[in-house]
Amino acid sequence: MNYILSSLIFIPILTVLLILCLPARLQNGIRLLSLLATAAQLILAVWLFWNFQPASAIGGSMYQYVEQVNWIHLNLQSLGQLQIQYYLGVDGISLSMVLLTGIIGFIGVISSWQISKNVKAYFALYLLLLGSVMGCFLALDLFLFYLFFEFMLLPMYFLIGIWGGPRREYAAIKFFIYTLIGSLLILVVMIGLYTSVIDPTATAANLSASFGSEETSGTARQQVQQLLQQGNIPAEKLVHTFSIPAMYQPQNFIPGSLLHGMSQKILWGLPVRLLAFLLLFIGFAIKLPMVPVHTWLPDAHVEAPTPISVLLASLLLKVGGYGLVRVLYPIFPDGGIYFAYLVGGLGVLSIIYGAMCALAMSDLKKLIAYSSVSHMGFVLLGLASLTAEGANGAMYQMFSHGLISGMLFIVTGVIYDRSRSRIIQNFRGLAFAMPAFTALVVVAFFASLGLPGFSGFIAELLVLLGAFTSSGVSGMLPRWLAVVATGGLLLGAAYYLWALQRMFFGKFWVHPAIMEKPIMPDITKREYSMLVPLAILALLFGLFPSLLLDKISPALNQWVESVLLLGKEQIAVVLRGIA
Amino acid sequence: MKNTGTFLVQALTDIQNGFAFLWPEMLLTFFFLLIIGLDLFKSIRIKAIIPFVALAGFLFSIFLQLQILNNLGNYIKPVFFTGLLTSDGLALYAGLLFSVAGIFTVLLSWLHPALGKNFKGIGEYYAFLLVLAVGLNLLVKSLNLLMLFVSLELVSIASYLLTASLRYQARAIESGIKYILYGLLASGVMLYGMSFMYGFGGSLNFTQPAFWENLSLLNSGFFILIFLLTFVGFLFKVAAAPFHFWAPDVYEGAPTPIVAFFSTAPKIAGFVVIIRFLLAFNHTVAGGLENNIFILAGGIALLTLVVGNFTALWQQKARRLLAYSSVAHAGFILAGLTAMAANALEAVFFYLTVLLFMNFGIFLTVQVFEERLGITELKDLSGLGKTFPFLGILTIIVLISLTGLPPTAGFTGKLLLFTSIWQNYTLTGHPLLLTLLLSALLFTGLAFFYYIRIPYYMFFKRNLSEQKKVSLGRENIVLALMTFPLLLFFVQPAWLNELIEQVIFYSK
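What this report covers is the structure whose coordinates are included nearby. As the structure is a computational prediction, the values presented were derived from the model and not from experiment. (Residues numbered from 1 in each chain as written. Chains lettered and ligands numbered in written order. Predicted model: local features only at pLDDT ≥ 70, side-chain atom pairs only at ≥ 80, totals over all residues. Heavy atoms only, no water.)

### Remarks on the overall build of chain B
Per the secondary structure count, chain B includes 21 helices and 2 strands. Relative to a compact globule of 508 residues, whose C-alpha radius of gyration would be 23 Å, chain B shows 23 Å and is just as compact. Burial statistics for chain B: of 508 residues in total, 63% are counted as buried. Sequence separation of 24 or more characterises 81% of the internal contacts of chain B that already satisfy a separation of 6 or more. As displayed, chain B has an accessible area near 18600 Å², and 69% of this comes from carbon and sulfur atoms. Of note, chain B has its 28 positive side-chain charges centred 9 Å away from the centre of its 20 negative side-chain charges. (Helix = DSSP H or I, 4+ residues; strand = E, 2+ residues; numbered from the N terminus. Rg over C-alpha atoms; globule rule 2.2 N^0.38 Å. Buried < 20%, exposed > 50% of the residue type's maximum accessible area, 1.4 Å probe, protein only. Contact = heavy atoms within 4.5 Å. Areas by Shrake-Rupley, 256 points an atom, 1.4 Å probe, with all protein chains shown as cover. Lys, Arg positive; Asp, Glu negative; His and termini not counted. Charge placed at Lys NZ, Arg CZ, Asp CG, Glu CD.)

So this is what it looks like as structure tokens:
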């Protein structure tokens, strides 16, 4: 099981090659092949989840099933050397996301079963997208992460643009360019980072030619770090790296470089490190999405076909949140502390504004899109609070929202498949035509609004607890932010219950312009097979949160501790620079 | 009398020794004469051999240049022909790229229906191509203002004639005349600037420190003026704003293989000349003047980026779109060169090499669209992605590389370029560099919008007209040949980078 992470990424990608070789008329064959590939991915993800050992306080590496291979090595002359590695690893932070990708990938293929236009191209792009998303969650090298992060955009663009609704081209290009600008902001900071960070082991190897001695890796690393901080290593011998774990340690930053932890350089009135935090934050926040850079989401969701909406909401949005946890906060903890109020405030803004927009929507899919914006605001709030409960809640919210929004979009898909319309006012009393479906819709809606017993409740509870205690424990957020966020829960109940009441209760009626004779068959076995497992999972993780929390808590608690500790140290220096 | 005698003997020995370094040029000239000879025959079968002769010429010259590059053991920078030419790493690598570009041009011409064996001017076409290559090789080897001018004229005249190759097309003649007029104006202005440089510098050899020391005694405004006048010629050749106006018209009228060649080889040559100037000038001129030139270079780079990218947004025809995209790429490279640091050279050469493959790839697709499928406007591309999926996928890969997205070599090129700009910014702290970096980044995002228009029409729009199924086997193979390096150089840029490193090392 050494190569389980690479298999997780490359099983879908190699299946793409297989699919491209098949003739296009073997539609069912292609569908079955994709189903098998995603099933394999799901089994591997569940196995990984089951066998993952939560990070113990005893030493040793946090990352498990690590695969690290030197990939690109460029010699930049006077600027040193550049090293890019194929570096994969899973820890508590990425574990839940890997599991989510496995589950949703499989459900998405079932949901894509009745796509009939250009089946071969569709599944090729779908599996490419899935492989890319999995790669994003598993990459521990920033270049590799960026590669997968950017590469996700292209299949998505074609998937929305070819198989989407009436305004699909507009939605596709808007999605692409919006997220591309975000990625370019991340690229700036990435360039800044890799020119400032060295890999101590590789530099030690480089220098040992001049040392002429063989030393154990631990002491050699520390020696190199000490030498670096004293400025005693010539620039050509430095080996710059993109490795994320290397960027976590401030001793790996070259003193005098712009992004060094104790750097007090100021650019446009702000210390460079804080500016870099903001740029990275905006880049990931566009993907999250956060108000006010969320406007691509409603269009993309409404125009995308149902399975792609499921993938977009459940997986792609989580990449934004994952980026915040993995890349932003640990590398720039000083920014995290300085801007905690801002991030928390924007989180609460997303919660309230998203909910209010959802309240005003008449298209069911757009309503759920805005509710996605609202729920991801909880993630931001949890992260900004920098408390153990908050971080755990944010991660839990990402996982839970993935499951639940998958359910919600499949629900809209069911309605759209039968009637070609998603407008709420066009339907009444669907409970009498489709009773089983209504039961599942009720489960989905109540899970999403945070009913105790479902995973959404655990997530939102933890986030709100974190936000409340933040002012006492970590000193990050004021109490009123948490109070206002709780109001968001109320709004959530409002729009969901109102939509439920308007569409499902009352006398059965469908607008005559949509259907002359209202015939709404109840859900088919295929739709059962998508909705029921997700409902069961949402219930499972709502009643037994320890299933997930046991695995991810240690890593997240450690995350909070290190961010607070390192951040307070660094921000003191940075603020002295401004003063 | 005796001094003149020894000087003459010395000069003659110098010239004699110099021929040893000029084997590639002499070979290409030989093939040029051979093609002219073959063209004198009326027989169609002999005329059909001419493309293969040209191909053989380019292949031999690549072989020769690779041999020279391999044998650079005890390298001392040679200056021969009485200080006119040098054969250092920059010149050799650029020569290699020109021969590769020549081979690709011959391949594209082979696939072009109108340039086949019934083409009336086939002999002249390939002959001028070879002469153009000779001119480019001499241009990158020049150390002397007059030699620069002569080679630039050789390049220009061959280019003018090649633009109007397809004589029966009115737009070809129009492009040719526009190119001649614009080019002559640019050459004239450049000559004017060069005459001032010679007058005040005291010598024609612009790489000597004494030259620049003399020039730095001038009033700074006047110095900038004559510098700018001289650079008009080079910026014209690389299609940088505000001297880019010829590009859209010429790209529209010339035959596609020639347009592809224009968008790569003269650019490479122009940039090598600019690099020689900037490197020579960098360490020998007073600080104040250096600052002024730095701002001038940065300003031109910024202007080129803005003009190229924004105008490309409005284009409806593929050729004009690619002309402005060419201008935009020149802007990116100029941004990299603004810092005038030696560490930018690798990034620039990597980018130029990748640009070679990308441009030939995209112009091959344009050729397929126009000549095989009869399409000129972008909106006629609707639905082609479904009829020709392989072509569509390869086009997407080339366009992603042009934008600069992973997993293609275009991304690596841009990454290296941005890194060098960032590093120079860290070293000097000059805000112009930061502005260039940020605008280059944002324009990359903007550029995606116009590049994606081609796949947009191909894949998103439905095919409303009847499209007869043409067999594109040969074109697909050649396109795959040009696209494969784009993916290869992303996964293993080290191979190309090591070559470039060595080459730069041999130009010190």
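### Quick notes on the side chain of N359(B)
Within the secondary structure layout, N359(B) lies in helix α14 (residues 344-372). With near-sequence residues (within four places) excluded, N359(B) lies in contact with S263(B), T264(B) and L402(B).

### Points about the interface of chain B and chain A
In this complex, chain B contributes 39 residues to the contact, which on the side of chain A involves 40 residues. Buried area between chain B and chain A, summed over both chains or domains, comes out near 3900 Å², and the portion from carbon and sulfur atoms is 77%. Where chain B meets chain A, there are 1 salt bridge. As a salt-bridge pair, K461(B) and E169(A) come within 3.9 Å of each other at their nearest N and O atoms. Where chain B packs against chain A, one counts 3 residue pairs in polar contact (both at pLDDT 80 or more). Mapped by element, the contributors of at least two residues to the side of chain B that touches chain A are α16 (389-403), α17 (409-428), α18 (431-451), α19 (453-460), α20 (473-491) and α21 (493-505) of chain B. Broken down by element, the side of chain B that touches chain A gets its largest block of residues, 9 residues, from α17(B). Classifying every residue of the side of chain B that touches chain A gives 26 nonpolar, 8 polar and 5 charged. (Buried area = accessible area lost by both parts, 1.4 Å probe. Salt bridge = Lys/Arg side-chain N within 4 Å of Asp/Glu carboxyl O. Polar contact = N/O pair within 3.5 Å; in protein donor to acceptor, adjacent residues only side chain to side chain. Nonpolar A, V, L, I, M, F, W, Y, C, P; charged D, E, K, R; others polar.)

### Some thoughts on the packing of helix α7 (residues 168-194) of chain A against helix α11 (residues 272-287) of chain A
Two quantities define a packed helix pair, namely the angle between the helix axes and the distance between the axes. All names here are of chain A. One way to put it is that α7 packs onto α11 with a least axis distance of 8 Å and a crossing angle of 155°. By the angle between their axes, α7 is roughly antiparallel relative to α11. Between α7 and α11 lies a crossing whose hand is left-handed. Contacts between α7 and α11 pair F175, Y178, T179, G182, L185, I186 and V189 from the former with A276, L279, L280, I282, G283, F284, I286 and K287 from the latter. Looking at the contact of α7 with α11 residue by residue, the classes come out as 11 nonpolar, 3 polar and 1 charged. (Axes fitted to C-alpha atoms, helices over the stretch in contact; angles between N-to-C directions. Parallel < 35°, antiparallel > 145°, perpendicular 65-115°, else oblique. Left-handed = near helix turned anticlockwise from the far one by under 90°.)

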